[in-house]
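One-letter residues, chain by chain:
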Amino acid sequence: MAGSIPRSTIRKVGVIGAGTMGAGIAGHVANAGVPVVLLDIVPSGASNRNALAEDAVAKLRKAEPPALMHDGAAKLIETGNLEDDLGKLADCDWIVEAVLERVDIKQALYRKLEAVRRPGSAISSNTSTIALKVLTEGMSEAFRRDFLITHFFNPPRYMRLLEIVSGPATAPDIVAAVAGFADVALGKSIVRCEDSPGFIANRLGIYWLQLALIEAIDQGLTVEEADAIIGRPMGIPKTGVFGLMDLVGIDLGPHVNASMRAVLPKSDAFHSVDRDVPLIGRMIEQGLTGRKGKGGFYRLDHLKERRTRLVIDLNSGKYRPEQKPVLPEVEAAGGDLRILLSAPGKIGSYAFRVLAQTIAYAATLIPNAAASVADIDEAMRLGYNWKWGPFELADKLGSAWLVEQLIAHNVTVPKVLANAAGKPYYRVESGKRQYLGTNGDYHDIVRAPGVLLLEDIKLVTEPILKNSSAALWDIRDGVACFEFTSKSNALDEKTIELLGKSIEVVAAKFKALVIYNEGSNFSLGANLGVILFAANIAAWSEIDKSIASGQQAYKSLKYAPFPVVAAPAGMALGGGCEIVLHADAVQAHAETYLGLVECGVGLIPGWGGCGELLARWNAESKLPRGPMPASAKVFEGISTADVTKSAHQAMEKKFLRPTDGISMNRDRLLADAKMRALSLVDGYIPPKPPEFVLPGPSGRAGLNAAAEGFHRRGIATDHDLVVADALAEVLCGGDTDIIDTVTEQQMLDLERRAFIRLARTGPTLARIEHTLETGRPLRN
């Protein structure tokens, strides 16, 4: 008998267990706009029987980074307890269990759920260690049919990976319903796993971390050296391995190792690295459990006048100041992993023993934990934020070379590596990316319906236009895509130049334009290095020309004879935010962080951001009438360099309109934006230029008075007042009177003059230089 939930009809979710994971899952379901019931036990002796669930929601509201995407999310979470409120689960389409990792506790709960849940509703466990066959042992046929494992990663809002395990009795449409909802509504990338201990990501991740720890100790490396070797060269986040252990909690290590030790067969290579590390025991005893404790492998010394980072000595266990490692072997490798792993001495030895053995262990997980190399790579990219999965790293080394070296180092070569016989694990054939299967044949990497990636477009076509900073692509059906390609997707004269040419091409040959890229961030704004260089040689006319050309390009985009849809993801700051503001519509990824942050470097928005945001606040019916409220609201956001913490919050702050769209899944963003662009084509008419009635000098004085109040309280600096005055002048229309009308072009002229005036000041140039050198703002 099949299950009964179509994937589009999960309209209410229940979560049992209000701990870190359960509460996080409930919060993220609420982020998707779906009602959720959160239940936990009744605390012993508590007067409030719902205390655990209610406290969990209160923590979600205060969490940093934010667990909730918008203020309304918490209101969608209904709290209760397992003794009084099980009946609230009766109309839930999916129930997620996230209680203690004990089979007896879980199964006792499942039996209670069977009595109240609706037949055909999905039920899943968030277990990270217990096999599905163990969890379902002795349960009814109906329960087994509707049961699966859905393993979320922490924090559930931000980690894209969802591992799904189904059993032989699990109904396929139950799996499809949960996977479809998790994909589209929760934004998860689904990796199907076999019913094996630790599934994929944690199974490999636990081995990798333990291996990296014991090899660092055995090779006599410092914490900084190990993280520098394992980090950037191998595409691992800058936390490295020791920073990651600090992040997840050092005390968690012995527990997960014990779990793996108990369930993995004796033949598993994990046992070869599973040994007691006395330093870890001493650190846990002293409360040195990482970021949540008194410190970890790294900790901040708050006793110094300026906070300094300390690092633990892996031999003595004592802290010392952090030192930047000098690793000529890493520099000499120049990004070539084979050279790094072949380097003589402890640096090359450590790199080889950790990476080569990790790849070899990954190969042993097929087919018992994962069906393919592609699944393992996807799990590690999304679950541990690796830039490349282990088999993508194997391709960088060359599978034949890797096997040869493993044999030379007396490491057992798994069949998946031996059978590759020198073939790459990935190739591009007929415009499609393929992976090497266990049968020796290549198989297409198939995208889910509704997924469109620019990386796939690039496999089958060449750009229509391209320079060093941008490119224009044909994404079919009469839609073009403008892509930023510079470092950090910073905007410069080449970007602006190609944008102008692209507008002409799209007007002649296409129906619509999408602005999108697949970088970590949509754009961090204008290239400050170019501005600083021009200022240092007093090329003020060049800066003025750059601002004017950017304004003209953005105006041409806004008034183009075709619809423009911006599709940002990640940070869209400064000029990157301004191009979003000039689009006809926006389809934003849920994790989009928008802000006009120029004041942080002593400047103001120069490419029309002031006028665009001001026009939106002017149209806000909830603001008091008159010319001042909108100017004050925009001044507040821009002067503080405020950045939204989600796309939903961007809508509240007018960076997005109520009619703009939000895609929860990053991989669906381009397809959603393209669909939105095509929906605007028929009958498209460019917008009318806005006109402003602004408060003039009196308004400027009022905004300056507010800034001076912050200055007296020590919040604003001397130069903040200079920048705030320039911003106030623009937002209040310069010397205008409230009976006059200020045009869009007049606003742009005010912006440009104020920008140039600030760029000529020493404190602004000092801010720009400091930001470029350190990545942090200067408070001067």
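Use the structure listed above.
Residues numbered from 1 in each chain as written. Predicted model: local features only at pLDDT ≥ 70, side-chain atom pairs only at ≥ 80, totals over all residues. Heavy atoms only, no water.

Engineer: If you had to explain the sheet that holds strand β11 (residues 319-321) to someone new, which residues and values would you point to?
Structural biologist: The strand order across the open sheet built from 3 strands is β9-β10-β11, with neighbouring strands paired in antiparallel fashion. Looking at the sheet topology across the chains shown, the edges are occupied by β9 (298-301) and β11. Each adjacent strand pair in this sheet contributes to an overall mean axis angle of 40°, direction not counted. Note: β9 against strand β10 (residues 308-312), 4 bridges, orientation antiparallel. Across the sheet, residue arginine 299 finds its bridge partner in β10, namely leucine 310. (Pairing = 2+ DSSP bridges. Helix = DSSP H or I, 4+ residues; strand = E, 2+ residues; numbered from the N terminus. Axes fitted to C-alpha atoms, helices over the stretch in contact; angles between N-to-C directions.)

Engineer: Explain helix α7 (residues 201-219) to me, using residue names and the numbers behind them.
Structural biologist: Spanning 19 residues, α7 covers 26 Å between terminal C-alpha atoms, matching the ideal 27 Å at 1.5 Å per step. Buried residues dominate α7, accounting for 17 of its 19 residues. Backbone geometry just after α7 places glycine 220 at a positive phi near 75°. (Expected span 1.5 Å × (residues − 1). Buried < 20%, exposed > 50% of the residue type's maximum accessible area, 1.4 Å probe, protein only.)

Engineer: How would you summarise unusual backbone geometry if you had to cite specific residues and measurements?
Structural biologist: Each neighbour pair has its own omega, and for glutamate 64 with proline 65 the value is -5°, a cis peptide bond. If you trace the backbone, proline 65 turns up in the loop between α2 (51-62) and β3 (77-81). Cis geometry marks the peptide bond from asparagine 154 to proline 155, where omega comes out at 0°. As for its position among the elements, proline 155 is in the loop between β6 (147-152) and β7 (161-166).

Engineer: Mind laying out the packing of aromatic side chains, listing which residues take part and the relevant values?
Structural biologist: All chains considered together, the criterion is met by 13 aromatic pairs. Here tyrosine 207 and tyrosine 361 contribute two aromatic rings whose centre-to-centre distance is 4.1 Å and whose plane-to-plane angle is 10°, an arrangement assigned as stacked. Of this pair, tyrosine 207 sits in helix α7 while tyrosine 361 is found in helix α15 (residues 345-364), placing the two residues 154 residues apart along the sequence. Chaining the aromatic ring pairs together yields one cluster made of Trp94, Phe152 and Phe181. Positioned above the aromatic ring of tyrosine 298 is the side chain of arginine 309, whose terminal nitrogen or guanidinium carbon lies 4.0 Å from the ring centre. The lysine or arginine in question, lysine 654, covers the ring of tryptophan 617, its NZ or CZ lying 5.3 Å from the ring centre. (Phe/Tyr/Trp six-rings, centres within 6.5 Å; stacked < 30°, edge-to-face > 60°. Lys NZ or Arg CZ within 6 Å of the ring centre and 35° of its normal.)

Engineer: Describe in detail the side chain of histidine 719, supporting the description with residues and values.
Structural biologist: Relative to the helices and strands, histidine 719 is located in helix α30 (residues 718-731). A relative accessible area of 4% places histidine 719 in the buried class. Of note is the side chain of histidine 719, whose polar atom sits 2.7 Å from the side chain of threonine 764. When near neighbours in sequence (up to four residues on either side) are disregarded, histidine 719 contacts Gly602, Thr761, Pro763, Thr764, Arg767 and Asn780. (Polar contact = N/O pair within 3.5 Å; in protein donor to acceptor, adjacent residues only side chain to side chain. Contact = heavy atoms within 4.5 Å.)

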